[in-house]
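Each chain is listed here by its residues.
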Number of protein chains: 2
Amino acid sequence: MRIIEGGITAPKGFLAAGAHIGIKKVKKDLSLLYSQKPSVAAGMFTQNIVRAAPVIRNEKMIKAGNKIKGIVTISGNANACTGRQGLLDNEKMAEIYAQMLHVKQQEILTAATGIIGKEMPMKTIEKGIRSITPNINASRQSAKDAAEGIITTDTFLKELAVELDIGGKVVTIGAMAKGSGMIHPNMATVLAFLTTDAVISQRLLQKALIEAVKVTYNMISVDGSVSTNDMALFLANGMAENEEFTEDSQEYQQFLEAVLYINKKLAVQVVQDGEGASKMMATVVTGAKTKEDAGILAKAVINDNLVKTAIYGEDANWGRILAAMGGSGGFFNPEGVAISFANEKGVIHLMSEGQPIAFDENKALEILAQRDIIINIVLQDGLEEAMAWGCDLGHEYIRINGEYRLKT
Amino acid sequence: MRIIEGGITAPKGFLAAGAHIGIKKVKKDLSLLYSQKPSVAAGMFTQNIVRAAPVIRNEKMIKAGNKIKGIVTISGNANACTGRQGLLDNEKMAEIYAQMLHVKQQEILTAATGIIGKEMPMKTIEKGIRSITPNINASRQSAKDAAEGIITTDTFLKELAVELDIGGKVVTIGAMAKGSGMIHPNMATVLAFLTTDAVISQRLLQKALIEAVKVTYNMISVDGSVSTNDMALFLANGMAENEEFTEDSQEYQQFLEAVLYINKKLAVQVVQDGEGASKMMATVVTGAKTKEDAGILAKAVINDNLVKTAIYGEDANWGRILAAMGGSGGFFNPEGVAISFANEKGVIHLMSEGQPIAFDENKALEILAQRDIIINIVLQDGLEEAMAWGCDLGHEYIRINGEYRLKT
């Protein structure tokens with residue numbers, strides 16, 4: 001596997017564009033993706049009962065096995081909690097893009113992110129799609145523009161591309177994601193778009209996506225809120241002309257590893273760019289009784305407001321970590337817990353066998369002053385492990401979220 | 001029922017004291033309560049797996065039906081995550097207070113709140129208890145001192161007393177509570193102490209406490225964190241000499257109403273004084289399918305960081321309310337939801353039948369500029385209802401919790 005410079009347009013036959021069309025005040029707010037050949041499509045969607053119009057429509061289409069030729073995404077308006085009109089507007093958005101591409105409406109997926117419960121500015125959207133579609137191309141810049149068109153409060157673009165040699169053919173995977181607010185485990189928690197030119201069945205593509213999302217996007221959290229809009233979409237157009245993967249083949253394993261790699265990189269970037277985040281914490285739980293317990297405990301730590309504010313304050317208040325674990329519902333024996341903080345500055349052991357350890361405050365401060373902090377939690381209850389990623393909770397989060405709607 | 005001026009010493013035979021003994025830098029950190037006659041005792045305790053030493057000991061004693069003569073509480077050190085030494089120190093604290101009162105160690109309950117995982121300053125505590133115990137008395141000031149001795153980051157005292165005429169006798173109930181951080185549903189979520197001179201069985205006292213905690217302390221949240229230390233204790237010393245209540249009697253109902261009243265008042269005060277809170281929100285869910293759904297939905301709204309920051313920002317971003325409900329796991333049909341904000345400045349309807357309603361931004365701002373905001377959520381799924389209380393999430397919460405340990 002080679003990491004290559006590129007994004008969503010890196011695989012053969014994928015074109016893109018992104019632009020500002022007037023939904024948001026200044027920033028890009030439209031992102032177009034086009035696949036020259038019909039793609040098989042996989043998708044994972046928010047578990048929120050309240051689901052945005054694009055979530056409802058895409059899920060239906062992917063379940064039905066539709067072949068996909070394009071995705072139109074707008075940012076600045078979530079088209080969620082918009083009732084029947086929202087469903088019609090979303091359908092209309094697909095229709096306009098389909099017309100422009102001369103493909104069927106059923107070949108277009110949609111996505112939206114932004115403010116909830118606001119009517120879609122359909123005139124702006126229609127005019128925008130019509131004027132920007134002619135610009136789609138496979139250049140590096142277009143991929144960047146498309147990645148910019150999906151973000152909201154993100155402060156940097158999240159894209160990645162890798163190449164694989166599989167059975168004498170070069171298979172490429174490209175991806176872009178957005179995150180920042182409303183990011184929480186329990187679903188495909190961000191807008192994540194993946195493209196590949198691999199020849200793969202829809203079933204296996206879906207399987208790879210599920211496996212990757214489970215240990216990446218589902219293990220990150222910025223604010224514990226579950227969005228109405230989040231989804232991960234994965235298109236495969238077959239243009240690499242590899243022999244179709246079979247489930248037990250080494251080729252599929254190779255492909256899956258690359259998909260895991262990309263999603264983990266992007267998921268961690270989403271956390272690093274969490275709304276108002278100044279620090280990233282990775283929690284590693286080992287020695288748990290079950291995989292499920294490990295996951296619950298790891299996620300409880302990164303989700304806890306008191307842990308998050310302590311990390312923000314560079315305060316080695318490990319008691320809050322133990323308290324968060326204890327309140328999570330995940331099983332562990334408190335008398336077997338060891339906790340340490342680590343990063344490039346070293347390690348400090350804070351607790352062992354459930355007992356506090358005296359530690360050097362200066363060393364702790366040195367470690368906690370860094371941007372990335374690893375929280376190691378070693379249990380004595382079994383052999384299972386899990387990893388979760390979160391960010392601190394500081395003044396910037398309050399500033400951004402206390403003023404979001406009136407400023408957008 | 002009459003509200004009277006007073007606190008924990010209002011019922012006959014209860015004495016108290018509170019003082020600064022040197023656990024904290026300046027503020028009072030010791031609170032003593034004494035009952036002249038042995039009291040029956042009820043208690044509810046944190047559901048956190050990690051439980052502070054006083055929680056472990058008290059629960060055992062109350063289950064065993066011990067008669068209680070006193071409670072010793074320290075603030076500034078939680079005696080949680082302190083291992084075997086913490087259990088011994090806690091026992092020692094009870095022993096010292098028992099010695100001073102000339103009662104048995106098994107007649108003394110203990111409580112602690114403050115920083116987790118820090119060794120107990122036993123010399124300071126011993127010296128403090130020995131010097132302060134002689135000061136206990138039944139005055140109004142002593143009740144206030146005791147209420148001050150249990151608080152940590154609280155900004156005002158939480159106490160209350162009521163009188164009831166029951167069967168020709170005057171029964172009095174007094175209470176004090178602390179809250180502020182680590183306040184979350186799912187348990188007896190604060191330190192709450194209630195005293196009464198009523199003649200009542202331990203079983204019925206426990207029943208009244210459970211019933212009250214369920215709809216009051218268990219329905220408030222400041223930060224979603226589940227403490228290792230929280231408990232509600234209720235002592236009844238029988239000095240009012242009423243005829244013992246029976247479960248189905250009107251007298252017990254009268255008593256229960258008063259207990260509900262006191263706990264609701266104090267629970268709401270805990271939220272109003274939430275760490276860094278500038279606003280209080282009460283969420284009322286009606287028309288839910290089940291009582292459980294109503295409770296889950298109401299609590300999800302007051303717990304959601306995005307809702308909390310929106311309230312802080314005085315932003316009528318109701319979409320976040322619906323998103324929080326949708327992600328909670330509680331059932332509801334999104335197409336039947338109505339949401340409105342209300343308080344003394346009026347009402348604004350934001351959503352009806354699952355569709356957004358255009359509303360007057362100025363009116364919304366006027367309502368949201370107030371300190372207390374009621375969020376009404378009307379569903380069309382059934383006849384059940386629930387109420388929950390929470391606070392906003394603003395810069396003060398970050399300031400307090402980002403710097404807590406180093407400043408204590």
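Anything mentioned here points back to the structure above.
Scoring rules and cut-offs
- Residues numbered from 1 in each chain as written.
- Chains lettered and ligands numbered in written order.
- Predicted model: local features only at pLDDT ≥ 70, side-chain atom pairs only at ≥ 80, totals over all residues.
- Heavy atoms only, no water.
- Least-squares fit on C-alpha atoms with pLDDT ≥ 70 in both.
- Pairing = 2+ DSSP bridges.
- Helix = DSSP H or I, 4+ residues; strand = E, 2+ residues; numbered from the N terminus.
- Contact = heavy atoms within 4.5 Å.
- Axes fitted to C-alpha atoms, helices over the stretch in contact; angles between N-to-C directions.
- Buried area = accessible area lost by both parts, 1.4 Å probe.
- Salt bridge = Lys/Arg side-chain N within 4 Å of Asp/Glu carboxyl O.
- Polar contact = N/O pair within 3.5 Å; in protein donor to acceptor, adjacent residues only side chain to side chain.
- Nonpolar A, V, L, I, M, F, W, Y, C, P; charged D, E, K, R; others polar.
- Buried < 20%, exposed > 50% of the residue type's maximum accessible area, 1.4 Å probe, protein only.
- Lys, Arg positive; Asp, Glu negative; His and termini not counted.
- Parallel < 35°, antiparallel > 145°, perpendicular 65-115°, else oblique.
- Left-handed = near helix turned anticlockwise from the far one by under 90°.

Caption draft 1: Spotlight on the relation of the copies chain B and chain A. Structural alignment of chain B on chain A gives an RMSD of 0.0 Å, achieved by rotating through 180 degrees and translating 0.0 Å along the axis. Taken together, these values place the two copies in the relation of a two-fold axis. No C-alpha of chain B approaches the rotation axis more nearly than that of His395 of chain B, which lies at 2.9 Å.

Caption draft 2: Structural view of the sheet that holds strand β12 (residues 338-343) of chain A. Residue and element names in this part refer to chain A. Strands sit in the order β9-β16-β11-β15-β12-β13-β14 across an open sheet of seven strands; the sheet is mixed. Strand pairing shows two members of the sheet lacking a second neighbour, β9 (220-221) and β14 (355-356), which therefore form its edges. Relative to strand β15 (residues 372-378), strand β11 (residues 280-288) runs parallel, the two being bridged by seven bridges. Opposite Ala282, over in β15, you have Ile374 as the bridge partner. Where helix α7 (residues 291-303) meets the sheet, it contacts β9, β11, β15 and β16 (384-391), and its direction lies at approximately 20 degrees from that of β16. Sheet strands in contact with helix α8 (residues 305-312) are β9, β11, β15 and β16, and its direction is about 125 degrees off that of β11.

Caption draft 3: Broad picture of the interface of chain B and chain A. In this complex, chain B contributes 54 residues to the contact, which on the side of chain A involves 53 residues. Both sides together, the interface formed by chain B and chain A hides about 4300 Å², and carbon and sulfur atoms give 59% of it. Counting across the chain B and chain A interface gives zero salt bridges. Where chain B meets chain A, there are eight residue pairs in polar contact (both at pLDDT 80 or more). Listed by contribution, the elements that provide at least two residues to the side of chain B that touches chain A are α2 (83-101), α8 (305-312), α9 (319-326), β14 (355-356), α11 (395-402) and α12 (404-407) of chain B. Here the side of chain B that touches chain A takes six residues from α11 of chain B, the largest share from any one element. Among the residues forming the side of chain B that touches chain A, the class breakdown is 24 nonpolar, 21 polar and nine charged.

Caption draft 4: Looking closely at the side chain of Lys69 of chain B. All names here are of chain B. Relative to the helices and strands, Lys69 is located in strand β4 (residues 68-77). Among buried Asp, Glu, Lys and Arg side chains, Lys69 stands out as unpaired, with Glu107 the closest opposite charge at 5.7 Å. Not counting chain neighbours up to four residues away, the residues in contact with Lys69 comprise Leu33, Tyr34, Ser35, Gln36, Lys37, Pro38, Val103 and Glu107.

Caption draft 5: Region of interest: the environment of Tyr252 of chain A. Residue and element names in this part refer to chain A. Residue placement: Tyr252 occurs in helix α6 (residues 250-272). Tyr252 sits in the buried class, given a relative accessible area of 1%. Each C-alpha atom, one on Tyr252 and one on Thr196, is 13 Å from the other, the two residues being 56 residues apart in sequence.

Caption draft 6: Expanded view of the packing of helix α2 (residues 83-101) of chain A against helix α3 (residues 122-132) of chain A. All names here are of chain A. Relative orientation of the contacting elements α2 and α3 amounts to 20 degrees, with a least axis distance of 9 Å. If you check the angle between α2 and α3, you find them roughly parallel. As α2 runs across α3, the sense of the crossing is right-handed. Where α2 approaches α3, its residues Asp89, Lys92, Met93, Ile96, Tyr97, Gln99 and Met100 are matched on the opposing element by Met122, Ile125, Glu126, Ile129 and Arg130. Split by residue class, the contact of α2 with α3 holds seven nonpolar, one polar and four charged.

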